[in-house]
Amino acid sequence: MTHVIREPADFRPACDKARAAGHRVGLVPTMGALHAGHLSLIEEAKRRADFVVVTIFVNPLQFAEGEDLDRYPRTMQSDLARCRQLGVDLVFAPDPEAMYPAGFETLVSLKETTRPLEGVFRPTHFDGVTTVVTKLFNLTGPCVAVFGRKDYQQWKILSRLARDLDMPINVVGSPIIREDDGIALSSRNRYLSPAERQRALAIVTGLRAAFDAWETGERNPGVLRETVAASVNERFDRVDYVAAVDPDTLGPVDGPSDRLLLAVAAHLGTTRLIDNVVLGEDPRP
Ligand code: AMP
């Protein structure tokens, strides 16, 4: 039976009780509108823990003015049904007022890993993410927490956060789940018109071309980046970045290396999509 908790004050004792009963707690933070990408994180958590907690919270702190907070899909009933089907033990779905009561003023902020890529275009986003995830980690207590590599930079930042602050959390990054045609699953895909959905394929087409070039020996980061950019620039309305960076530092690579992160963020109409591949590590997207 999936138990649903809405109050932070009730969530912590529920996790403590599970640990006291000898369970290892697995945490999967989400903003809901669950799709197969989220479900893969839940499956990963089930492999690594025997008491699985899913949090569903559209975190206002990580949306800037003018972003899609108001129209972000909220599908609580079907999300709960999916959690039940998968045998999730506990769902924590708090209201914003419960997470950020009057007087709330603390921000958790990282200095370096938050700066490049997404940080350039969404400068306040990661402070919202790290703050809410710190709260979720503190409420949950010791656990294995599973995040998607679809948000590659977010996964790196949260790994750093747990290490830097000595949190007793094992932060795991789970592979990107894609549609049959290769598009990365995202709650935001539902904003796309059928025509935009077709054009959205340009990201994975570009990532595949770069992957194939890598497989045949191309190691020049500039050339690989340009391969992706050519595809995305042609079909997208606006491109925030196409980057070829070090998968660990997210900083520039000087010269050839044996792993390379290619990361993309681009807009189709009012929808912003992100995707990535780590060449030398990930399978063909
Ligand atoms: P969100 O609900 O969009 O905040 O995402 C919650 C978690 O699911 C994050 O750790 C995401 O990285 C992960 N996620 C979202 N889409 C995918 C996907 N297509 N494959 C794997 N993980 C994903």
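The following refers to the structure shown. Values in this document were obtained by computation on a predicted structure and should not be read as measured data.

1. Focus on the overall build of the protein chain
Counting its secondary structure elements, the protein chain contains nine helices and nine strands. Against the 2.2 N^0.38 benchmark of 19 Å for 285 residues, the protein chain shows a C-alpha radius of gyration of 19 Å, consistent with a compact globule. When the backbone C-alpha atoms are referred to their principal axes, the protein chain occupies close to 55 × 40 × 40 Å. Counting the 285 residues in the protein chain, one finds 55% classified as buried. Intrachain contacts of the protein chain at a sequence separation of at least 6 include 73% that bridge at least 24 residues.

2. Here's the deal with the pairing of strand β8 (residues 260–268)
In terms of burial, β8 is a largely internal element, nine of the nine residues being buried. Taking every second residue as pointing to the same face, both faces of β8 are buried, with L260, L262, V264, A266 and L268 on one and L261, A263, A265 and H267 on the other. Count of turn residues in the β8/strand β9 (residues 271–279) antiparallel hairpin: two residues, of which G269 carries a positive phi of about 55 degrees.

3. Looking at the sheet that holds strand β2 (residues 25–30)
Strand order in the open sheet formed by six strands is β1-β4-β3-β2-β5-β6, and the pairing between neighbours is parallel. Two strands close off the open sheet at either side, each with one partner strand: β1 (3–5) and β6 (169–174). Within this sheet the neighbouring strands show an average axis-to-axis angle of 25 degrees, counted without direction. Helix-sheet contacts for helix α3 (residues 76–86) involve β1, β3 (51–56) and β4 (90–92), and the interaxial angle to β3 is about 170 degrees.

4. Looking at the site of the ligand
Inspection of the region around the ligand gives 17 residues, with H38, G148, D151, I177 and L185 positioned closest. The contact in question runs from an oxygen atom of the ligand to an N or O atom on the side chain of D151, over 2.6 Å. Contacts to the ligand include I177, whose backbone N or O atom sits 2.9 Å from a nitrogen atom. Relative to its unbound accessible surface of 490 Å², the ligand loses 92% to contact with the protein. Mapped by element, the contributors of at least two residues to the shell around the ligand are β2, α2 (36–48) and β5 (143–148). Residue contributions to the shell around the ligand peak at three residues, all from α2. Among the residues forming the shell around the ligand, the class breakdown is nine nonpolar, six polar and two charged.

5. Observations concerning the sheet that holds β8
The antiparallel open sheet is built from three strands, whose spatial order is β7-β8-β9. With one partner strand each, in any of the chains shown, β7 (238–245) and β9 form the two edges of the open sheet. Across this sheet, the average inter-strand angle for adjacent strands is 10 degrees, counted without regard to direction. Of the pairings in the sheet, the one linking β8 to β9 comprises nine bridges and is antiparallel in character. Paired with L261 across the strands is V278, a residue of β9. The sheet contacts of helix α9 (residues 221–235) involve β7, β8 and β9, and relative to β8 the element is tilted by about 15 degrees.

What counts and how
- Residues numbered from 1 in each chain as written.
- Predicted model: local features only at pLDDT ≥ 70, side-chain atom pairs only at ≥ 80, totals over all residues.
- Heavy atoms only, no water.
- Helix = DSSP H or I, 4+ residues; strand = E, 2+ residues; numbered from the N terminus.
- Rg over C-alpha atoms; globule rule 2.2 N^0.38 Å.
- Buried < 20%, exposed > 50% of the residue type's maximum accessible area, 1.4 Å probe, protein only.
- Contact = heavy atoms within 4.5 Å.
- Pairing = 2+ DSSP bridges.
- Axes fitted to C-alpha atoms, helices over the stretch in contact; angles between N-to-C directions.
- Near = heavy atom within 4 Å.
- Polar contact = N/O pair within 3.5 Å; in protein donor to acceptor, adjacent residues only side chain to side chain.
- Areas by Shrake-Rupley, 256 points an atom, 1.4 Å probe, with all protein chains shown as cover.
- Nonpolar A, V, L, I, M, F, W, Y, C, P; charged D, E, K, R; others polar.

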